[in-house]
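Structural overview
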Amino acid sequence: MNRVYIKTYGCQMNERDSEAVAGMLNERGYVIVNSEEIADIVLLNTCSIRDQSEQKAIGKAGQLLKHKGNKSQFLLGILGCMAQNRGQALLDSLPDLDLIVGTQKFHHTPDHLDALISSLDQKVSDVPLPIVDLDEEPDSQNTIRHHDPTNGRVSTFVSIMQGCDMNCSFCIVPKTRGAERSRPMEQIVDEIHSIVDNGTREVTLLGQIVTSYGKREYPTLRGKTPFVQLLEKIHEIQGLHRIRFTSPHPLGFRKDLITAFHEMPKLGEYAHLPVQSGSNQMLKAMNRPYSRERYLKLIDSLRAVSPNMHFSTDIIVGFPGETEDDFRQTKSLFKRVGFDMAFIFKYSERTGTMAAEKSDQVSREIKDSRNQELLRILEGHSLQRNRSLVGSIQEILVEGPARKGEGMLMGRTRGYRKVVFPGPPSMIGELINIHIKEATVTVLKGVPAVSHSTAQGTASTLVNLT
Ligand code: 5AD
């Protein structure tokens, strides 16, 4: 009764939370398995960002409970955002659930499973079932710090804060994740030191609004926000090659952070900058406190300090009241920036948010067609940008074997473009120069180039690996 399968829905923060729960369960003697078929316990770590995300997890839970039937030796838990959002009400549609754990309570999962298992063993339970644990917990942001020391992953997520104090009118996250709470800088730096000792070469710092990191806990020093102070400390860590972060708020992306892209080479040439809409009218209705002009100025400022910047974004199409003209504004901003990547969301009404009260909801057909239109533009940009790299030499952080092709490795450029190339496993975790030969929308292909010193300086030549 100790094999646990964790299925994760949604964002990188959820992936990280699941990893930490897996680490804690491992320490407690549970075995993490990679299929529900062989699990005694299934935990669904859920997402509430759109209705569809919730429906997927509810469907899965229903299916698992049907399988469970009268098999008493199987436990099902729902963790994370949907647990927090729907709470006890989940039991109306899923009365046989054993466990509901909110976003500030992940670290209690091992205790809850222990209690559930012992209640199964005793037949007559002294634990009230199901276990529902949803309250706020002070300092819970400091509990997501377990990593599996044996996995030796090149690129690792690190949670630096939890919660969100913004009040975007479409968004459920302030309800599911609570108010902003940051982890102490030293704790984060220590954690990164230890994962670097275990082979990590790139970290992605995670938070709902990373640019708000430490706002309450630390002062701004010499014009540098706590987030930039944290980046500086992490940048000093020997053996760490790259630092990424997600998601910043355009409003928090100030001069100190723009300058950081010039001063800190480990940041590379990539930023994810959620814009949501290119129409000032929509931005106002979304309660996003910046204008299209300010966003574009930010993009220009970043390109001024780092001309090869690559950008990705989040966009919502079909927000209530979005007209053809508003959408045209989004398209024009989209083209002007030339995003390499974008997550395009069809607006989904979330009960309890301000936008859900609006009467001028946009039809599904219009959302679909706007979504398709942006996807087509995006495809064009990604291909064009990737093609522009053909013939160049790019510095790649090698992440591991490619999914397809024997002897092929996968890594990413400083601009976060995916590259596949032939090479030995000893290259994993290294920074390697790759000569780019081919490009598709999503991936670049190349071959390693070796640098050698010549009378004129350093030159790169191709190695023939075949
Ligand atoms: N409908 C559609 N997309 C949403 N997002 C957040 N809330 C909604 C919603 N109600 C998108 C935003 C955000 C990303 C994580 O999810 O674009 O940046």
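Just so you know, these numbers come straight off a predicted model, no measurement behind them.

A few words on the environment of His147. Checked against the element boundaries, His147 lands in the loop between β6 (131–133) and β7 (155–159). Separated by 18 residues in the primary sequence, His147 and Asp165 have C-alpha atoms spaced 28 Å apart. Among residues more than four places away in sequence, those in contact with His147 are Arg16, Glu19, Thr156, Phe157, Glu191 and Ile195. Reaching out from His147, the side chain makes a polar contact with the side chain of Glu191 at a distance of 2.7 Å.

Before going further, it helps to spend a moment on the pairing of strand β3 (residues 41–46). Most of β3 sits out of view: six of its six residues are buried. With five bridges joining them, strand β1 (residues 3–8) and β3 adopt parallel strand pairing. Considered in β3, the bridge of Tyr5 is made with Val42. The sheet contact formed by β3 and strand β4 (residues 75–80) spans six bridges and is parallel. Bridge pairing in β4 places Leu44 opposite Ile78.

What follows concerns the confidence of the model for the protein chain. For the protein chain, per-residue confidence averages 94 on the pLDDT scale, and residues scoring 70 or more make up 95% of the total. The low-confidence segment residues 452–466, where pLDDT is below 50, has 27 contacts with residues more than four positions distant or belonging to other chains.

Across the six residues that make up β4, a large majority, six, are buried. Where β4 lies against strand β5 (residues 99–101), three bridges are found, and the strand directions are parallel. Paired with Ile78 across the strands is Ile100, a residue of β5.

This next bit is on the site of the ligand. Every residue close to the ligand is listed here: Ile49, Arg50, Phe170, Gln276, Asp314, Ile316, Phe345, Lys346, Tyr347, Ser348 and Arg350. At a separation of 2.7 Å, an oxygen atom of the ligand approaches a polar side-chain atom of Gln276. Those elements that place two or more of their residues in the shell around the ligand are β13 (310–317) and β14 (341–346). Each residue belonging to the shell around the ligand can be placed in one class, and the counts come to five nonpolar, two polar and four charged.

Let us look at the sheet that holds β14. With parallel pairing, three strands are arranged side by side in an open sheet as β12-β13-β14. At either margin of the open sheet sits one strand with a lone partner, and together these are β12 (270–272) and β14. Averaged over all neighbouring strand pairs, the angle between strand axes comes to 10°, with direction disregarded. Of the pairings in the sheet, the one linking β13 to β14 comprises six bridges and is parallel in character. Bridge assignment links Ile316 to a residue of β14, and that residue is Phe345. Docked against the sheet, helix α13 (residues 364–388) engages β13 and β14, running at close to 175° with respect to β14.

Here the focus is the packing of helix α9 (residues 255–263) against helix α11 (residues 292–305). At a closest axis distance of 8 Å, the pairing of α9 and α11 adopts a crossing angle of 25°. On the basis of their axis angle, the class for α9 and α11 is roughly parallel. Crossing hand, α9 versus α11: right-handed. Taken together, the residues of α11 that come into contact with α9 (itself represented by Ile258, Phe261 and His262) are Leu298, Ser301, Leu302 and Val305. Here the residues of the contact of α9 with α11 are counted per class, giving five nonpolar, two polar and no charged.

It is worth spelling out helix α7 (residues 185–197) at this point. Each α-helix turn comprises 3.6 residues. Residues three or four places apart therefore point the same way. Helix length check: α7 (13 residues) gives 18 Å between terminal C-alpha atoms against 18 Å at 1.5 Å per residue, within 8%. When we look at burial in α7, the residues that qualify are Met185, Ile188, Val189, Glu191, Ile192, Ile195 and Val196. The arc that holds every buried residue of α7, seen down its axis, measures 160°, which confines them to one face. Exposed positions of α7 whose direction lies more than 90 degrees from the buried face are Asp190 and Asp197. Elements in contact with the buried residues of α7: α1 (12–27), β7, β10 (202–206) and α8 (226–235). Directly after α7, the chain includes Gly199, whose backbone phi takes a positive value near 110°.

What counts and how
- Numbers given for residues are sequential positions, taken from 1 along each chain in its written order.
- Per-residue local features are limited, in this predicted model, to residues with pLDDT of at least 70; the limit for side-chain atom pairs, both in listing and counting, is 80 or more; totals at the level of whole chains, interfaces and linings are taken over all residues.
- With hydrogens and water stripped out, all remaining heavy atoms of the structure feed into the side-chain values.
- Secondary structure elements follow DSSP: runs of H or I no shorter than four residues count as helices, runs of E no shorter than two count as strands, and numbering proceeds from the N terminus.
- Should any heavy atoms of two residues lie within 4.5 Å, those residues are counted as being in contact.
- Under the rule applied, a polar contact is a pair of N or O atoms within 3.5 Å (in protein, one hydrogen donor and one hydrogen acceptor; residues adjacent in sequence only if both atoms are side-chain atoms).
- Accessibility here uses a 1.4 Å probe with only protein chains present; expressed as a share of the type maximum, an area under 20% marks a residue as buried, one over 50% as exposed, and anything in between as partly exposed.
- At least two bridges found by DSSP between two strands is the condition for calling them paired.
- Per residue, pLDDT captures the predictor's confidence, and it can take any value from 0 to 100.
- Throughout this document, a residue counts as near a molecule or strand when at least one of its heavy atoms sits within 4 Å of that molecule or strand.
- The nonpolar class holds Ala, Val, Leu, Ile, Met, Phe, Trp, Tyr, Cys and Pro. Asp, Glu, Lys and Arg form the charged class, and all remaining residues, Gly among them, are polar.
- Fitting a line to C-alpha atoms yields each axis, with helices limited to the stretch in contact; the angle taken between N-to-C directions then spans 0 to 180 degrees.
- Between 65 and 115 degrees an angle is taken as roughly perpendicular, under 35 as roughly parallel, over 145 as roughly antiparallel, and anywhere else as oblique.
- What makes a crossing left-handed is the near helix being turned counterclockwise from the far one by less than a right angle; a clockwise turn instead makes it right-handed.
- Expected span of a helix, by definition, is 1.5 Å for each gap between consecutive residues, and there is one gap fewer than residues.
- Arc definition: it is the arc formed by the directions from the helix axis to the C-beta atoms.

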